[in-house]
Amino acid sequence: MGWRNPPVPWQELEARLSGRTRPFPADGDGGDSPAWSYHRQPYQPPEDLKPRRPGTFPQAHPYAELHCHSNFSFLDGASHPEELAEEAARLGLTALALTDHDGLYGVVRFAEAAAAVGLPTVFGAELTLGLGRRQAGVADPEGHHLIVLARDATGYARLSRAISTAQMAGREKGKPQIDLETLAAIGAGAQPPIFRAAATPAPAAPTPAAPAAPATTAAPAAPTAPSRATGATPDGAGAGTPDHWLILTGCRKGVVPRALLEHGPAAAKAELARLQRLFGRPNVVVELWDHGDPLDSARNDALADIAIASHAELVATNNVHYHNPPRRKLATAMAAVRARRSLDDLEGWLPAAAAAHLRSGAEQARRFARYPGVVERAAALAADCAFDLHLVAPKLPPYPAPPGHSEMSWLRNLTEDGARTRYGTRQHPTHPRAYAQIDHELAMIDQLGFAGYFLIVWDIVQFCRTHDIYCQGRGSAANSAVCYALGITNADAVGLGLLFERFLSPERDGPPDIDVDIESDRREEAIQYVYNHYGRQHAAQVANVITYRPKSAVRDMGKALGFA
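Predicted model, so just to flag it, every value in this text is computed and none were measured. (Residues numbered from 1 in each chain as written. Predicted model: local features only at pLDDT ≥ 70, side-chain atom pairs only at ≥ 80, totals over all residues. Heavy atoms only, no water.)

### Examining the environment of A493
Then, in step 1: Here A493 lies in the loop between α16 (481-486) and β8 (515-518).
Then, in step 2: For the pair formed by A493 and S480, sequence separation is 13 residues and the distance between their alpha carbons is 5.7 Å. (Helix = DSSP H or I, 4+ residues; strand = E, 2+ residues; numbered from the N terminus.)

Okay, here's the thing in structure tokens:
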């Protein structure tokens, strides 16, 4: 096996010799591409599910599900985003919202699958307020919930900022910390410090706390009579309110339903008034759902009365946690794993029936017949909030160019200085095509607006060089004479005759990929430099989505089933 090969356990060696291991991809080239690793393949819809064209939705009972969890709500949702999109298309839903807990982890897979089956997409999250500790091992997790749906790309960006603020303020995994006032301020466009602590542990009385940014109170609604269908009257949001968000009052742990259950209609009405004051009356919708629980009808009646009295809209959802009824068994087993109890011990907390699945518009219309219009209103709100995820394009933080320079002029200056070292002067270059290639690349960078991107990478490399930290740019960036002149790479793209368009061209989506390897023992110094120089609100590390290993899955499910 050779002296320099890594150690191979006997179990793996035996499996390889027995032919039980997966073969490496045949098309791997050994370069910087991910061809040698196993990763998710592009989504392919089932053969029996034909993509729908816009405008081909059923008209009898149009309905869109606005409250839906995937398995990216860890140990809560029990269906993949792809399964949810497929089932929504089969049921004829006009759109589907993905609202996982405290994150947007599943939106890429959801958007990809939804586009393949012709399903409009709404993106949001169910945010947790008032957590005192991590909820692992808790049968009925604490905290209040609030559904936030993004109306557009701006709303999506602000929701991402709110989630990041909450997760960073919690200081540990699984304990986001944010209060309603901070959330409303972010929705209105404020950018609070990323480590700002939550001001209030949980939404309680409607006494207004000091907001993180000025918010304008919505003007009282005109005394027109709302219908029981929606409970809404026209009203202006006022300047400074988060009009890029749509707020749903949420499930039984929502601030309004929970106040109704624990303190009665007056407290629930006060909580709804608080949401309307913070987010703007037109942006807050009272959510109704019916899982067949004996108290669901009474609760929905009370919520409808509160909405009518508060001039708020009503909408029907099903608080979905799996795509079809048979998946309920897995959902309950996962709930037991989350609570670290057996199914027998957790029985009193589990739903009585398989009700939290996607339903068609006709089925929802029958369930909510006593609230005319709430099912159709879900479809209308979804049409207002649906947009393509490709419209979301995060911007890099601005590079602090010296006075008198723009990002592009400073990049030209640095490249010219580096080119003199690499290729000599323009009058006497060591390679006849060097400066023509550099000018071509700079023109392309200027055209695509990526000057700041190159400056940021150059800045990180410069930090490593000046602090004697080994670093090296690699991959397709080696095709760039600009990267060579800046010292990011050590491969002479001009001398080697490499094609720049493999690295950057107008036909590519997004900025180019520049990989920089930094020595492992001192990598943390570079990471902290980036955080300190650009701010923690402008820097992040890439996270992997991990899955259960078979051994861990069998062990935890065995405990849930009472075998341990």
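This is not the end of the story, as more comes after the structure.
### What to know about the pairing of strand β2 (residues 121-129)
Then, in step 1: By the criterion of burial, β2 is predominantly enclosed, with nine of the nine residues buried.
Then, in step 2: Pairing geometry for strand β1 (residues 96-101) and β2, over six bridges, is parallel. Directly across from D100, in β2, lies its bridge partner A125.
Then, in step 3: Between the parallel elements β1 and β2, the chain passes through helix α3 (residues 107-117) in a crossover that is right-handed.
Then, in step 4: Pairing between β2 and strand β3 (residues 144-150): six bridges, direction antiparallel. Paired with G124 across the bridge in β3 is L149. (Buried < 20%, exposed > 50% of the residue type's maximum accessible area, 1.4 Å probe, protein only. Pairing = 2+ DSSP bridges. Right-handed = clockwise from strand over helix to strand, strands pointing away.)

### Focus on the packing of helix α5 (residues 180-187) against helix α7 (residues 265-279)
Then, in step 1: Axis separation between α5 and α7 bottoms out at 9 Å; the angle between their running directions is 30°. The segment α5 lies against α7, with L180, E181, L183 and A184 engaging R274, L275, L278 and F279.
Then, in step 2: By residue class, the composition of the contact of α5 with α7 is six nonpolar, no polar and two charged. (Axes fitted to C-alpha atoms, helices over the stretch in contact; angles between N-to-C directions. Contact = heavy atoms within 4.5 Å. Nonpolar A, V, L, I, M, F, W, Y, C, P; charged D, E, K, R; others polar.)

### What to know about the pattern of salt bridges
Then, in step 1: A complete count under the given rule lists 25 salt bridges for this structure.
Then, in step 2: Of the charged contacts, one joins E416 and R426 as a salt bridge, the two residues approaching to 2.8 Å between their closest N and O atoms. On the criterion of sequence distance, the pair formed by E416 in helix α13 (residues 407-423) and R426 in the loop between α13 and α14 (434-448) is long-range, its members being 10 residues apart.
Then, in step 3: Ionic pairing is found between D517 and R474, a salt bridge with its closest N-O pair at 2.8 Å. In this pair, D517 sits in strand β8 while R474 sits in strand β7 (residues 471-474), placing the two residues 43 residues apart along the sequence.
Then, in step 4: For R474, a relative accessible area of 34% corresponds to the partly exposed category.
Then, in step 5: One network of salt bridges, in which partners are shared, links D48, E87 and R90. (Salt bridge = Lys/Arg side-chain N within 4 Å of Asp/Glu carboxyl O.)

### Digging into the sheet that holds β1
Then, in step 1: In spatial order, the strands read β1-β2-β3-β4-β5-β6; together these six strands make up an open sheet with mixed pairing. In this open sheet, the two strands that pair with only one neighbour each are β1 and β6 (313-316). On average, each strand axis in the sheet is tilted by 30° relative to the strand beside it, whichever way the strands run.
Then, in step 2: Direction of pairing for β3 relative to strand β4 (residues 245-248): antiparallel, over a ladder of four bridges. Each residue of the ladder has a partner; that of A150, found in β4, is W245.

### Remarks on helix α18 (residues 550-560)
Then, in step 1: Among all positions of α18, only D556, G558 and A560 are buried.
Then, in step 2: The elements touched by buried residues of α18 are α9 (328-339) and α10 (343-346).

### A look at the nonpolar core
Then, in step 1: Counting residues in each nonpolar core, the largest one holds 81 residues, and the members touching the most others are L66, L146, L183 and F279.
Then, in step 2: Counting 46 residues, the second-largest nonpolar core is a separate cluster that includes W410, C464, A481 and Y534. (Core = buried A, V, L, I, M, F, W, Y, C linked by side-chain atoms within 4.5 Å.)

### Digging into the packing of helix α6 (residues 255-263) against helix α8 (residues 296-309)
Then, in step 1: Where α6 meets α8, the closest approach of the two axes is 11 Å, and the angle between their N-to-C directions is 115°. The pairing of α6 with α8 is recorded here as roughly perpendicular in orientation. Here α6 and α8 pass one another in a crossing that is right-handed. Contacts between α6 and α8 involve V256, P257 and L260 on the former and, on the latter, R299, A302, L303 and I306.
Then, in step 2: Classifying every residue of the contact of α6 with α8 gives six nonpolar, no polar and one charged. (Parallel < 35°, antiparallel > 145°, perpendicular 65-115°, else oblique. Left-handed = near helix turned anticlockwise from the far one by under 90°.)

### Regarding unusual backbone geometry
Then, in step 1: Here H311, not a glycine, exhibits a phi torsion of approximately 55°, which is positive.
Then, in step 2: Counting through the fold element by element, H311 comes out in the loop between α8 and β6.
Then, in step 3: Positive phi values are uncommon outside glycine, yet N319 reaches one of about 45°.
Then, in step 4: By the element assignment, N319 lies in the loop between β6 and α9.

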